[in-house]
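Chain and residue survey
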Amino acid sequence: MASATADSSAKILSDLNVNAGDWPPNLVKNLHLLHPDQIELAKMLLVLRQSHLFQHWPEPGVEDKRKKAFFAQVAKLNSCYPGGLAYYVKNAKELLADSKEGKNPYDGFTPSVPTGDKVLSFGDDNFIRFEEAGIKEAQDAAFVLVAGGLGERLGYNGIKVALPAETTTGTCFLQLYIESILALQEASSRLSQGTCQKEIPFVIMTSDDTYSRTMNLLESNSYFGMKPTQVKLLKQEKVACLDDNDARLALDPHDKYKIQTKPHGHGDVHSLLYSSGLLKIWHDAGLRWVLFFQDTNGLLFKAIPAALGVSATKQYHVNCLLFNEKQKKPLEELPDSLTVMDMKLTSGRLMVINVEYNQLDPLLRANAHPDGDVDCETGYSPFPGNINQLILELGPYIEELKKTGGAIEEFVNPKYKDASKTFKSSTRLECMMQDYPKTLPPSAKVGFTLMGTWLAYAPVKNNPEDAAKVSKGNHYHSATSGEMAIYRANSRILQKAGVKLEDPVPQVFNGQEVEVWPRVTWKPIWRLTFSEIKSKLRGSCSISQRSTMALKGRNIFLEDLSLDGALAINSIDGAKVKVGGLIRKLES
């Protein structure tokens, strides 16, 4: 039997015109178990100098099913990456060599503060004009949520979009997003006086970790009022991990027949949209815009109408939403966001691009900014932060992806043990969706919209213990601070509209000192834009700091309301509700 197996393996190698001495003996012994396509994959791995993957393989007859399962995984990894594993390893070797040498990815660039007239002041005439323009454009937009991660960093074992954005109503992030899109859909149709309301497509990029849970959340809640045909889930695949600077693929420490994998980053959303055919479907349907956003920012839809209006008015191919950011120290407290700047190449080309915070300070120090990233006279860094909310014009976006297939410039971030540049643990190639503009030609119109942080940015990322360690004055980026930011934003919007509010009170929750405003929340259907919210307020209204107010319904009007307690209104469609007078909590 052993002789027959050896003869079979020898014939296979002869047919491949391969010398048996060039192949790992443990693999050669098992060749007869493999299909021809699996043998081709084995050949590819050996050409890529990955023979270590077979060193532990036992004799034929031992764990044969797991050996075949190994090649099933290799086939999947090969098919899911543009150019296959050969291209992945090639890219990895180049990027790892640059990292090992400490090569600056911005050699040849000169940074400068981004300029332009896209700085919006909430509530002024300019802001209102952009909001109205954005509402009109919304019916020709598609929304894309990148939600491939679990809430482990938050100390939560579920999907992040299932977390409540605030606890007054318990509305989860996914519900908030869907209800906001539906409110935009209705408002756009109403403002455009359309006879037939156009359905806004909504895509969610998931992963193996989040796909089924996201689908269950949608189905168990009847898609939160959205038609199931409007929602499309795309699943992102992971990429192979790397063990060293030679780009040797890492075996899973818990399974010697499996290559370790990790997420490739949210930049995969571009290739998934392109390969799915959705972009062409949207273009054929007359859509003009694609809006990208991330999973746990409860404020983002307060900024979307005005930002979309900026894109339409300025005719931007790419519009990045920005916020003013205080300079952060120490480095471990930096948020997972980016800084945007004008970058000028030595060739003279000017680009508006994103730079990671950990690269910003050394980049500035090497380019005529000896103090690095420091606050200017405004109290903020002159370089605004990017909230990873992008608006792309669909037509130019499709044309660019035809050239690239959606591939985004990658980076690698290995953690080294010491000066020998030995890895502490495996790494992988990554890509970010906001790096898309780096592939664009000089003729592309890339701009930004800068808004107040209080209005547009309150990500929920950190667990209470880590958030409590953040230095006072920095952003906690926790569920606590995210919820309080929603109340603050709603209160300030009402205040801007003429409602009298008491000053917020500082309080400590979960080790974090936050401003506590009135717990004010409303469903997006009540109204999304500032001018529409103002139209629902009449007379002289006031809300005390200790009050709670929750509004659900289209036609709720506050008239001469003086609130010092709790008020919850839930009105059915078609009902018109007016509430006013003194509403006060009874003291016990």
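Thresholds applied
- Residues numbered from 1 in each chain as written.
- Predicted model: local features only at pLDDT ≥ 70, side-chain atom pairs only at ≥ 80, totals over all residues.
- Heavy atoms only, no water.
- Buried < 20%, exposed > 50% of the residue type's maximum accessible area, 1.4 Å probe, protein only.
- Helix = DSSP H or I, 4+ residues; strand = E, 2+ residues; numbered from the N terminus.
- Pairing = 2+ DSSP bridges.
- Axes fitted to C-alpha atoms, helices over the stretch in contact; angles between N-to-C directions.
- Contact = heavy atoms within 4.5 Å.
- Core = buried A, V, L, I, M, F, W, Y, C linked by side-chain atoms within 4.5 Å.
- Domains from an automatic or database assignment.
- Expected span 1.5 Å × (residues − 1).
- Arc of directions from axis to C-beta.
- Salt bridge = Lys/Arg side-chain N within 4 Å of Asp/Glu carboxyl O.
- Polar contact = N/O pair within 3.5 Å; in protein donor to acceptor, adjacent residues only side chain to side chain.
- Parallel < 35°, antiparallel > 145°, perpendicular 65-115°, else oblique.
- Nonpolar A, V, L, I, M, F, W, Y, C, P; charged D, E, K, R; others polar.
- pLDDT = per-residue confidence, 0-100.
- Phe/Tyr/Trp six-rings, centres within 6.5 Å; stacked < 30°, edge-to-face > 60°.

With that out of the way, let us pick up the pairing of strand S10 (residues 318-323). Of all 6 residues in S10, 6 are buried; the element is thus mostly enclosed. Burial along S10 is two-sided: the face carrying Val-318, Cys-320 and Leu-322 and the face carrying Asn-319, Leu-321 and Phe-323 are both buried. When S10 meets strand S13 (residues 385-393), the two strands line up antiparallel, connected through 5 bridges. Along S13, the bridge assignment pairs Asn-319 with Ile-391.

On to the sheet that holds strand S23 (residues 548-552), then. Across the sheet, 3 strands lie side by side as S20-S23-S25; this open sheet has parallel pairing. Either end of the sheet is taken by a strand with one partner, and the two such strands are strand S20 (519-522) and strand S25 (566-570). The sheet shows a mean angle of 5° between the axes of neighbouring strands, taken without regard to direction. Two strands pair when backbone bridges link them, and S23 and S25 are joined in this way by 5 bridges, in the parallel orientation. Counterpart to Lys-552 in the pairing with S25 is Asn-570. Lying over the sheet, helix H16 (residues 479-496) contacts S20 and S23, oriented at roughly 80° with respect to S20.

Formed by 90 residues in total, the largest nonpolar core has its most connected members in Phe-143, Leu-174, Phe-202 and Met-549. Sort the elements by how many residues they give to this core and helix H7 (residues 173-191) lands first, with 10 residues. For this core, the domains that each give at least three residues are domain 2 (105-461) and domain 3 (480-584). Excluding residues within four positions of it along the chain, Leu-174 makes contact with Leu-145, Val-161, Phe-202, Ile-204, Thr-214, Leu-217, Leu-218 and Phe-224. Counting residues in hydrophobic clusters, the runner-up holds 36 residues, among them Val-28, Leu-46, Leu-48 and Ala-92.

What follows concerns helix H5 (residues 84-101). Within an α-helix, residues lying three or four positions from one another point in the same direction, as the helix has 3.6 residues per turn. For H5, spanning 18 residues, the distance from its first C-alpha to its last is 26 Å, which sits close to the expected 26 Å at 1.5 Å a residue. The set of residues buried in H5 consists of Gly-84, Leu-85, Tyr-88, Val-89, Asn-91, Ala-92 and Leu-96. Within H5, the buried residues cover an arc of 165° as seen down the axis, which keeps them to one side. Where H5 is buried, its residues touch helix H3 (36-47), helix H4 (64-80), strand S5 (239-240), strand S14 (410-412) and strand S15 (429-431). Just downstream of H5, Gly-102 is the residue with a positive phi angle, here 70°.

What follows concerns the pattern of salt bridges. One side chain can pair with another of opposite charge once the charged atoms of both are near each other. What the rule picks out here adds up to 31 salt bridges. In this structure, Glu-199 and Lys-227 form a salt bridge, with 2.6 Å as the shortest nitrogen-oxygen distance. Residue Glu-199 is found in the loop between H7 and strand S3 (202-207), and its partner Lys-227 is found in the loop between helix H8 (211-220) and strand S4 (231-236); the two are separated by 28 residues along the sequence. Each of the salt bridges in this network shares a partner with another, and the network as a whole consists of Glu-186, Arg-190, Arg-527, Glu-532, Arg-554 and Asp-573.

It is worth spelling out the side chain of Asn-319 at this point. Take Asn-319: it is sitting in strand S10. According to the relative accessible area criterion, Asn-319 is buried, its value standing at 0%. At 3.1 Å, the side chain of Asn-319 and the backbone oxygen of Ala-307 are in polar contact. Looking at Asn-319, its side chain comes within polar contact range of the side chain of Thr-449, at 3.0 Å. Filtering out sequence-adjacent residues up to four positions away, Asn-319 remains in contact with Ala-307, Val-310, Ser-311, Gln-389, Leu-390, Ile-391, Gly-447, Phe-448 and Thr-449.

Where helix H6 (residues 125-138) meets helix H11 (residues 300-314), the axes come as close as 6 Å, and the angle between the chain directions of the two elements is 85°. One way to sum up the angle between H6 and H11 is to call them roughly perpendicular. Facing H6, whose interface residues are Phe-127, Phe-130, Glu-131, Ala-133, Gly-134, Ile-135, Glu-137 and Ala-138, H11 presents Lys-302, Pro-305, Ala-306, Leu-308, Gly-309, Val-310, Ala-312, Thr-313 and Lys-314. Class assignment of the residues belonging to the contact of H6 with H11 gives a composition of 10 nonpolar, 3 polar and 4 charged.

Tracing the backbone through its elements, the reader meets Asp-371 in the loop between helix H12 (357-365) and S13. Given the relative accessible area of 54%, Asp-371 is considered exposed. Along the sequence, Asp-371 and Asp-361 sit 10 residues apart, while their C-alpha atoms lie 8.3 Å from each other. Leave out the neighbours within four places in its chain, and Asp-371 touches Asp-361 and Arg-365.

Looking now at the confidence of the model for the protein chain. The predicted model of the protein chain averages 88 in pLDDT, with 88% of residues at 70 or higher. Across the protein chain, the secondary-structure element scoring lowest on mean pLDDT is strand S11 (residues 338-345), at 45, and the one scoring highest is S20, at 98. Of the regions scoring below 50 in pLDDT, residues 329-346 engages in 84 contacts with residues more than four places distant in sequence or in other chains.

Now for the packing of aromatic side chains. Evaluation of the coordinates by the stated rule reveals 21 aromatic pairs. Relative to Phe-71, the ring of Trp-57 has its centre 6.0 Å away and its plane inclined at 85°; by these criteria the two rings are edge-to-face. Separated by 14 residues along the polypeptide, Trp-57 in the loop between H3 and H4 and Phe-71 in helix H4 bring together distant segments of the chain. Judged on exposure class, the residue Trp-57 and its partner Phe-71 are both buried.

What follows concerns H8. The set of residues buried in H8 consists of Thr-214, Met-215, Leu-217 and Leu-218. Across the axial projection of H8, the buried residues extend over an arc of 160°, all falling on one side. Elements in contact with the buried residues of H8: H7, S3 and S4. Phi for Ser-222, located one or two positions after H8, is positive at around 50°.

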